[in-house]
Amino acid sequence: MSDFVSGDFLVEFIALICLATGWYIYRGEKGSWAIAVLLAAATAVTWFGAGKDGIHTLGVIVVLMSVAIMVCHALRWLLVRLAPLSFAQTFRSAPLTALFGFLVIGACLLMVIFAPYMAPFSESEVVSAAYAPADSTYWLGTDQLGRDMFSRIVFGGRHSILLSLTATVVAFSLGMFAGLFAAIRGGIIDQLLGRLADVFMSVPALILALLLLSILGTNLAVLVGVVAAIYVPRIFRLTRSVAFGVVVTDFVEASRVRGEGDWYIIRREILPNTAAPLIAEFGLEFCYVFLLIAGLSFLGLGIQPPMADWGSMVRENAVLISFGEITPLIPAMAIALLTVGVNFIVDWMLKITAGLKDNS
Amino acid sequence: MSDILSLIIRRLAFGLLTMLIVSFLIFFALELLPGDLAHAVLGQMATEETVAAIRKQLGLDVPAIIRYFYWLEGAVHGDFGKSLINKADVGHAIFGRLANSFFLAGFAALFAIPLAVSLGVAAALFRDTLFDKAINVASLTAVSVPEFLLGYILVLFFAVWAHVFPPMADIKDHAEFGERVYRSFLPAMTLVLVVTPHMMRMTRAAIINLLASPYIEMARLKGTPPWRVIVWHALPNALAPIINVVTLNLAYLITGVVLVEVVFVYPGIGQLLVDSVAKRDFPIVQACCLIFAATFIVLNIAADVGSIMTNPRLMHPK
């Protein structure tokens, strides 16, 4: 990686061209001067702060961002032409960031499904000396025990994503139904559940997780249970407030008068009308759960070795950072990339639902 | 005026009650231990006699509810019992580190709050321009990045490549103020990067929420320049939500502190908590959790009281 970053003026040259083109494209748009000022400030800070290495890295980042923008443009063009008409219209107005989100999530899904075929080695096999540099066999070098970094990133992604997804699904199904139930019934049940959620939410998530994990020990089932339990009150609160807006409407009143049961009202009246915000919320909660599990693994309390995992990989190889290597940061960047992707899509979805409300 | 007072008193009472319930939860979480504390201390191979002896030594022969009240009484006086590992006084181990952690969080808040509020106001002012979009993308990205990645990136740039700041923030007990600031600069900046995006997004949302109000429309129609509309007409009314946002995010600093302290080996309470969790030193874990929860609850109450106090409708009752 360091060869790629240092001593190569081509990178800066491309970066400068990209910057200039970007500036040119947006020249007419309001606020672009502020971007230029911010970019210049970032460059200046990096120059004085981190010197040449920093500027090189900045150049690489700008190039990667330009490539990402181009790929997203191409993807949108493709989707608009391939998708059926009703979806094509949605995609046409989708911001590039949302496309980027789809790209990242698609890549992650492929990785989760095809991990054993993508990884050249197993996650726990020692294949070389410790901290071997990257070459054509070990694409990203090896870790502190001599295991292949690339394979561990692939398998680690699989474990982290599946675990977070399980925890989110568990938390969501419990929290959502408690919330819907509280919104429909109201009264004493609502009050009781609400106060209970208040108490649990008055302890920060990470602290609560540390307390429970120190007592219950760290195995995968406990980890999923603890993380899910921590997020249930948060999801309960949100579902309740979203559903409450629907419960007071006339059509729910009408179905009550008709003599329908709670379950029917939840299924046929409330869920269809709250689906959009709830799906967006699912994405958001997945991000929080993913970051919490990554944080716990980073602290050595999440997924245990020899299972690979993005959070713990950062901690295990952190020593390399003091030698100016960025390989330990790749799993951390993968975490960031996935959460950014999901967040971008959620942001877009929220904008769409907000827009629908404004028009009606 | 008495309306506000009663509101605030009610809020404080509720906070105290929450605190009590949380302390109850933290204490009784330990009862979830498979077996009990004596078994956890001694491990599987312990004989009946040693278990009984340890039980007596730890005071486990007393019912849990009575132990809870003793523990609570001690905690109020700053006495959290003795560590299970090295028998040292827990309170003594915590308070020096607590000061370090508060120093770090305060240092971060000093930079984060003005930065977040001014960026949020700017984003609201230039709404839907490229600047706003870029800020939106940048803040969404920063929100999604794990705290430890931000920390390591700063280390890479400013410590490894540039040698401007030290990569580790190992502060000695009697370090001078300047030394302290210098050594804790990178961890503090990491925390700034962690909390600023949240605060900024919420500030922007709070101001934009107000921009649809009739009095803003009026100000616009009479020809007030846009920056004056925001700073003079919108900002005072957005103060309540902004104060709310700021204090809530200071509470968010607490979670950030744990991870950032571990990254920078900063001698704070977060690092102590993580170490004690790994060693299963329960008295320290409980004490740290209680302190974190208390700070969180106090900040939440402060947020509520702050937004009550700055609400113009409550401050000037008819």
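Residues numbered from 1 in each chain as written. Chains lettered and ligands numbered in written order. Predicted model: local features only at pLDDT ≥ 70, side-chain atom pairs only at ≥ 80, totals over all residues.

K.L.:
Please clarify how the overall build of chain B should be interpreted in this entry.
P.N.:
Secondary structure assignment for chain B yields 14 helices and 0 strands. For chain B, the succession of helices and strands along the chain, N to C, is α-α-α-α-α-α-α-α-α-α-α-α-α-α. Dimensions along the principal axes, computed over C-alpha positions, put chain B at roughly 85 × 60 × 35 Å. Sequence separation of 24 or more characterises 72% of the internal contacts of chain B that already satisfy a separation of 6 or more. (Helix = DSSP H or I, 4+ residues; strand = E, 2+ residues; numbered from the N terminus. Contact = placed C-beta atoms within 7 Å.)

K.L.:
Quick question: what am I supposed to make of the overall build of chain A here?
P.N.:
Helix and strand counts for chain A come out as 13 helices and 0 strands. Listing every helix and strand of chain A by position from the N terminus yields α-α-α-α-α-α-α-α-α-α-α-α-α. When the 360 residues of chain A are sorted by exposure, 38% land in the buried category. Taking contacts inside chain A between residues at least 6 apart in sequence as the whole, the part at least 24 apart equals 67%. (Buried ≥ 20, exposed ≤ 12 C-beta atoms within 10 Å, placed from the backbone.)

K.L.:
Even after reading the chapter, I still don't get the interface of chain A and chain B, so can you show me in this structure?
P.N.:
Reports often express the size of an interface as the amount of accessible area lost when the parts come together. In this complex, chain A contributes 53 residues to the contact, which on the side of chain B involves 50 residues. Counting only elements with at least two residues in the side of chain A that touches chain B, the list comes to helix H3 (32-82), helix H7 (187-201), helix H8 (205-216), helix H11 (262-298) and helix H13 (329-359) of chain A. Looking at the side of chain A that touches chain B residue by residue, the classes come out as 33 nonpolar, 15 polar and 5 charged. (Nonpolar A, V, L, I, M, F, W, Y, C, P; charged D, E, K, R; others polar.)

K.L.:
When you look at the nonpolar core in this model, what are you seeing that I'm missing?
P.N.:
Nonpolar side chains tend toward joint burial in soluble globular proteins. Among the nonpolar cores identified, the biggest contains 166 residues, and Ala209 and Val227 of chain A together with Leu191 and Cys288 of chain B are the most heavily contacted of them. The element best represented in this core is helix H11 (residues 226-264) of chain B, accounting for 19 residues. Every residue in contact with Cys288 of chain B, bar those within four places of it in the chain, is listed here: Ile94, Ile269, Leu272, Leu273 and Ser276 of chain B. (Core = buried A, V, L, I, M, F, W, Y, C linked by C-beta atoms within 7 Å.)

K.L.:
I would appreciate a short explanation of unusual backbone geometry in the present structure.
P.N.:
Leaving glycine out, the prevailing phi sign among residues is negative, and the prevailing peptide bond configuration is trans. A positive phi angle, close to 50°, is found at Val265 of chain B, a residue other than glycine. Here Val265 of chain B shows up in the loop between H11 and helix H12 (269-279).

K.L.:
Quick question: what am I supposed to make of helix H5 (residues 96-118) of chain A here?
P.N.:
Residues spaced three or four apart along an α-helix face the same direction, because each turn holds 3.6 residues. All names here are of chain A. Between the first and last C-alpha of H5 there are merely 28 Å, a value that for 23 residues lags more than 12% behind the 33 Å anticipated at 1.5 Å per step. At Val112, H5 is bent by approximately 55°, the largest bend along its length, and proline Pro116 sits one to four residues beyond. Residues of H5 that are buried: Thr97, Ala98, Leu99, Phe100, Gly101 and Val104. (Expected span 1.5 Å × (residues − 1). Bend = angle between axes of the 7 residues up to and from the residue.)

K.L.:
For this particular structure, what's the right way to read the packing of H8 of chain A against H11 of chain A?
P.N.:
Residue and element names in this part refer to chain A. Viewed as axis vectors pointing N to C, H8 and H11 meet at an angle of 50°, and their least axial separation amounts to 11 Å. Relative to H11, the element H8 lies oblique. Crossing of H8 against H11: the hand is right-handed. Within the contact between the two elements, H8 uses Ala205, Leu206 and Ala209 and H11 uses Leu292, Gly295 and Leu296. Class assignment for the residues of the contact of H8 with H11 results in 5 nonpolar, 1 polar and no charged. (Axes fitted to C-alpha atoms, helices over the stretch in contact; angles between N-to-C directions. Parallel < 35°, antiparallel > 145°, perpendicular 65-115°, else oblique. Left-handed = near helix turned anticlockwise from the far one by under 90°.)

K.L.:
It is not clear to me how the packing of helix H6 (residues 149-185) of chain A against helix H9 (residues 220-247) of chain A should be interpreted in this structure. Could you clarify?
P.N.:
Helix packing geometry: the angle between the two helix axes and the distance between the axes. Look at H6 of chain A against H9 of chain A: their axes get within 5 Å of each other, and the N-to-C directions meet at 35°. The two elements H6 of chain A and H9 of chain A cross, and the hand of that crossing is right-handed.

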